Amino acid sequence: IAVPITTSLPSAVAAPVPTAPSAATIEASLARFRQFYAEFGPSWLDRLPELYAPGFAFQDAFHHIDGDFAALRAYFQRVLTALAENRFVVEDSAVGADGCYVRWRWEYRRRARDPLRTAPGVTHLRLDADGRITTEGKALARLPLHPRLAHMIHRAGAEHDAETAAELAVLLTE
């Protein structure tokens with residue numbers, strides 16, 4: 001069935017869909033992420049918006065912070081002041097269809113005389129078109145659609161018109 005698409009679509013559906021980050025943007029973002037953690041210290045705390053987009057989601061074993069730069073800055077500051085030694089070593093990274101993965105280990109000492117402790121981890125990054133870490137990718141990944149269609153439905157949901165967007169997505173995929 002062919003259904004004509006007119007310009008009378010709701011504005012949330014007709015709005016331009018931001019593009020996914022380019023390969024070069026992804027590589028630059030991974031380099032910035034590696035640099036941030038390699039140089040993890042007070043000088044980076046005011047630069048968090050270079051790494052994280054508004055609406056980001058940060059989660060580790062102890063905290064979950066949604067989009068609050070002041071809370072993230074305060075958390076990192078507490079980590080930095082509580083430890084005598086602290087360093088992250090990025091061991092590997094990969095780019096997949098659903099984002100980027102960075103495998104790392106955290107080496108730290110609470111006091112100078114304490115033994116060096118190591119905590120391994122993996123970070124899953126979802127990036128906006130500018131290569132900054134965002135949370136929106138998590139919502140998009142739950143929809144079994146091309147990323148542009150998933151983004152259209154996600155944005156339309158914010159405008160309370162996800163049903164129209166979903167119907168349009170079905171038509172576009174037939």
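The rules we used
- Counting from 1, residues in each chain are numbered in the order their sequence is written.
- Where local features are concerned, this predicted model is filtered to residues with pLDDT of at least 70; where side-chain atom pairs are given and counted, the filter is 80 or more; whole-chain, interface and lining totals use all residues.
- Only hydrogens and water are set aside; all other atoms, that is, all heavy atoms of the structure, feed into the side-chain values.
- Here a cavity means grid points, on a 1 Å grid over the protein atoms only, where a 1.4 Å probe fits yet cannot get out; a pocket means an open set of points with protein on both sides within 12 Å along at least five of seven lines; lining residues are those with an atom within 4 Å of a point.
- Grid points are joined across faces, edges and corners, and a volume is the space filled by probe spheres set on the points.
- For the purposes of this entry, the term helix denotes a DSSP run of H or I that reaches at least four residues, the term strand denotes a run of E that reaches at least two, and both are numbered from the N terminus.
- Any residue that is not Ala, Val, Leu, Ile, Met, Phe, Trp, Tyr, Cys, Pro, Asp, Glu, Lys or Arg is counted as polar, Gly included; the first ten are nonpolar and the last four charged.
- The pLDDT value tells you how sure the predictor is about a given residue, anywhere from 0 up to 100.
- Here, residues are in contact when the closest pair of their heavy atoms is within 4.5 Å.

Draft legend 1. Structural context of the layout of surface pockets. The calculated volume of the second largest pocket comes to roughly 590 Å³. Lining the second largest pocket are 29 residues; nearest its centre among them are Phe 58, Gln 59, Asp 60, Trp 104 and Thr 123. The set of elements that each furnish at least two residues to the lining of the second largest pocket consists of α2 (23-38), β1 (57-59), α5 (69-82), β3 (85-96), β4 (99-109) and β5 (117-125). If one sorts the elements of the lining of the second largest pocket by residue count, β5 sits on top with seven residues. Of the residues in the lining of the second largest pocket, the class split is 20 nonpolar, six polar and three charged.

Draft legend 2. Representation of the confidence of the model for the protein chain within the structure. On average, residues of the protein chain score 78 in pLDDT, and 74% of them reach the 70 mark or higher. Model confidence for the protein chain, summarised as mean pLDDT per element, is weakest for helix α1 (residues 11-14) at 38 and strongest for α5 at 93. Contacts for the low-pLDDT stretch residues 1-17, under 50 throughout, to residues beyond four places or in other chains number 19 contacts.

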